[in-house]
Amino acid sequence: QNNAKVAVLGASGGIGQPLSLLLKNSPLVSRLTLYDIAHTPGVAADLSHIETKAAVKGYLGPEQLPDCLKGCDVVVIPAGVPRKPGMTRDDLFNTNATIVATLTAACAQHCPEAMICVIANPVNSTIPITAEVFKKHGVYNPNKIFGVTTLDIVRANTFVAELKGLDPARVNVPVIGGHAGKTIIPLISQCTPKVDFPQDQLTALTGRIQEAGTEVVKAKAGAGSATLSMAYAGARFVFSLVDAMNGKEGVVECSFVKSQETECTYFSTPLLLGKKGIEKNLGIGKVSSFEEKMISDAIPELKAS
């Protein structure tokens, strides 16, 4: 069943281009439709020469958006502006909230059954916006709307592996909560394989995972935020989702979704994915007292977002 029809909204941008490349490269994808307000015909022409079976087509501007979305199984939304040094993810809100509201309204109208994967920051706010837009159009399904937090997991796995001399591909750290600063809660106590750190090292590692995005923003010195690692993480999430939609069993990814796991309306936890999106929320599980405190500290900020 390797015939997923995937749309990327914001396909010409810093995340959109490498994300589209990874999707084009996957045998899971049969049709790739690319949308943006500039450059998409060129990006699509370029990608269409790659010797994989996904058929690629570019769509330009709002009047072409409906055609881009029709018949899609999965829509990925990396559209929006990136952070510059000194900015928080919340500083993007005014611009990106409007962009996400506009794009998700089109999804609600033209592919209401599709899985919606939102990358655009601040994810802690753009997911509630997406939910409200879908409610307004009468097509809301909380099991099909995902805030992509996979980059936090990818970073946690990488940093733990570096510190312990492990193969990062074999490390799995669940990261729960949200996708900004102290709302990013890596559950190192649940890491597989099991790892132990002295408290000072654990505190530093946790801080690095929480501020890893800012590390990239600073290193790029005004040229943007995480694009390549985010494209990798976004593709990883989409491939997991499509595998589950194809009937693969036991696919688990963390994602920021509508949740009853805490007093927050939206919260990221490990999710068992299935043919219809979220099959089961696996919840927070057993946590250490250090992690427990991070959860209680994050809740007010998540509610405010």
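See the structure printed just above.
Quick caveat, the model's predicted, so the values are computed rather than measured. Numbers given for residues are sequential positions, taken from 1 along each chain in its written order. Whole-chain, interface and lining totals are the exception, using all residues; otherwise, since this is a predicted model, local features are given only for residues with pLDDT of at least 70 and side-chain atom pairs are given and counted only at 80 or more. Where side-chain values are given, they derive from all heavy atoms of the structure, hydrogens and water being excluded.

Caption draft 1: How the structure looks around the side chain of Ser268. Counting from the N terminus, the helices are DSSP H or I runs at least four residues long and the strands are E runs at least two residues long. Position of Ser268 relative to the elements: it lies in strand β10 (residues 266–274). Within the local environment of Ser268, its side chain forms a polar contact with the backbone oxygen of Ser255, the two atoms lying 3.2 Å apart. Beyond its immediate stretch of four places on either side in the chain, Ser268 contacts Thr149, Val175, Ile176, Gly177, Cys254, Ser255 and Phe256. Think of a polar contact as two N or O atoms within 3.5 Å of one another; within protein, one of them needs to be a possible hydrogen donor and the other a possible acceptor, and neighboring residues in sequence only count if both atoms come from side chains. Any two residues whose heavy atoms approach within 4.5 Å are treated as being in contact.

Caption draft 2: Main features of the environment of Ala226. As for its placement among the helices and strands, Ala226 is situated in the loop between α8 (212–220) and α9 (228–245). Ala226 sits 131 residues away from Thr95 along the chain, and the two C-alpha atoms are 18 Å apart. Apart from residues lying up to four places away in sequence, Ala226 is in contact with Ile15, Leu151, Arg155, Val216 and Lys220.

Caption draft 3: Structural view of unusual backbone geometry. Note the cis peptide between Asn121 and Pro122, where omega equals -5°. For the bond running from Thr192 to Pro193, omega is -5°, close enough to zero to count as cis. Inspection of the secondary structure puts Pro193 in the loop between β8 (184–186) and α7 (199–210). Of note, Ala221 is a non-glycine position whose phi angle comes to about 50°, a positive value. Its location among the elements puts Ala221 in the loop between α8 and α9. Residue burial is assigned from relative accessible area. The probe radius is 1.4 Å, only protein chains are included, and a residue is buried under 20% of its type maximum, exposed over 50%, and partly exposed in between. Residue classification places Ala221 among the exposed positions, given a relative accessible area of 62%.

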